[in-house]
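Residue-level structure breakdown
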Amino acid sequence: MKISTKGRYGLEAIVDLAIHSSEGRVNLKSIAERCEMSEAYILQIFLVLRRAGIVDSIRGAQGGYVLSRDPSQITVGDILTVLEGPLAPVPCIAEKSKRAKTTCNRFDNCTARNFWESVMNTLSEVANSITIEDLVKCYNSSFSQSIDLEYYI
Amino acid sequence: MKPIGFAREEVDKLKFSTKGRYGLRAMIDLAVYSNGEYVTLASIAERQGISTNYLEQVFSALRKSGLVKSAKGAQGGYVLSESPSDIKVGRILRVLEGPLSVTDEDDENLAGNESCIRNCIRINVWEKMNNSLNELVDSVTLEDLAEDYRKRNGIDNSMYYI
């Protein structure tokens, strides 16, 4: 029952992009350095996110990535759903698993499936309630706190 | 750790293991059909379409945790140790899956060592998801699921009290 590395790192890279977007487009190399990830890995993640319309890429020497919407309009749920698929704790409730309907004769009338669906809904509700802007705000406040701390020392 | 590509084994990480999934169904079955009597794994296996061998592994873990009791012999099998209304689903899942968390402790940096962004994500996303997940599974009892199962399958609970 774990969020994969792809989901965790993808979310981190998007928050980093949002923090640094005020300076214009952001190149993957700088995200990779700050987040201590390989550039190739972030590229794979961003290709998926671009296809899903969460980031835009700008080509050229000054190229890089920008968020395609305001950070307040992108939720953690949007990112995780693109990178992880539905937050389904069992295969038979993932939206694409129409196959489960034919392989499991209990599909439409299963107590356990109904329970797992409520787990998925709970996880999705939490993820959909947090925006990238919320995480940027958290970062900004913890960053200014650490600067204050340095001044006090 | 710097992953290079998307590892194949990551694809289904978000899923509960078959132990947790089949174990929950087997416990619902036991709550519905036992009514204080010992139930054989073979009968659970038949009703739920799960192999008896697999159920033996699952019930060995459930027995060690004290959720079920076993009896050997012709009338043997398994019975719930407590009333299903006193058993939270969260307890069953933790016995079979370990602590319920959407992140691996091993994957996370130690709290003092993590970046600001990672710290913000941990506090605002993963811990909130974990809290909601644990609250949910601890708000549902095995009896709630057994009751739902009886309704869906047209099993009249009252017949057992005659």
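Not measured: the values here are computed from a predicted model.

1. Some words on the state of the cysteines
With the rule as written, the count across this model stands at one disulfide over all chains. The disulfide partner of C138(A) is C120(B), and the gap between their sulfur atoms is 2.2 Å. One quick way to see it: the torsion about the S-S bond of C138(A) and C120(B) is about -90 degrees, and its sign makes the bridge left-handed. In this pair, C138(A) sits in helix α7 (residues 132-152) while C120(B) sits in helix α5 (residues 116-139), so the two residues belong to two different chains. Residue C138(A) is classed as buried on the basis of its relative accessible area of 18%.

2. As for the interface of chain B and chain A
Taken together, the contacts link 49 residues of chain B with 51 residues of chain A. Summing both sides of the interface, chain B and chain A together bury roughly 4,700 Å²; the carbon and sulfur share of this comes to 67%. The tally of links between chain B and chain A comes to one salt bridge. Across the pair R118(B) and E12(A) runs a salt bridge, and its minimum N-O distance is 2.8 Å.

3. Some details on the side chain of E12(A)
Of note, E12(A) is situated in helix α1 (residues 5-20). Setting aside anything within four residues of it in sequence, one finds E12(A) in contact with C35(A), M37(A), S115(B), I117(B), R118(B) and I121(B).

4. Some thoughts on the packing of aromatic side chains
Following the criterion strictly, the structure yields seven aromatic pairs over all chains and no others. For the ring pair F46(A) and Y65(A), a centre distance of 5.1 Å and an interplane angle of 85 degrees mean the geometry is edge-to-face. You can see F46(A) sitting in helix α3 (residues 39-51) and its partner Y65(A) sitting in strand β2 (residues 64-67), a full 19 residues away along the chain. Connected via pairs of aromatic rings, a cluster forms that spans F115(A), W116(A) and F16(B). Positioned above the aromatic ring of Y33(B) is the side chain of R47(B), whose terminal nitrogen or guanidinium carbon lies 3.9 Å from the ring centre.

5. Things to note about α3(A)
All names here are of chain A. Look at α3: 18 Å from first C-alpha to last across 13 residues, which is about the 18 Å you get at 1.5 Å a residue. Those residues of α3 not exposed but buried are Y41, I42, I45, F46 and L49. The buried residues of α3 all sit within an arc of 125 degrees when viewed along its axis, so they share a single face. On its buried face, α3 sits against α1, α2 (28-35), β1 (55-58), β2 and α4 (76-84). Phi for G53, located one or two positions after α3, is positive at around 80 degrees.

So, how was this worked out
Residues numbered from 1 in each chain as written. Chains lettered and ligands numbered in written order. Predicted model: local features only at pLDDT ≥ 70, side-chain atom pairs only at ≥ 80, totals over all residues. Heavy atoms only, no water. Disulfide = S-S within 2.5 Å. Helix = DSSP H or I, 4+ residues; strand = E, 2+ residues; numbered from the N terminus. Buried < 20%, exposed > 50% of the residue type's maximum accessible area, 1.4 Å probe, protein only. Contact = heavy atoms within 4.5 Å. Buried area = accessible area lost by both parts, 1.4 Å probe. Salt bridge = Lys/Arg side-chain N within 4 Å of Asp/Glu carboxyl O. Phe/Tyr/Trp six-rings, centres within 6.5 Å; stacked < 30°, edge-to-face > 60°. Lys NZ or Arg CZ within 6 Å of the ring centre and 35° of its normal. Expected span 1.5 Å × (residues − 1). Arc of directions from axis to C-beta.

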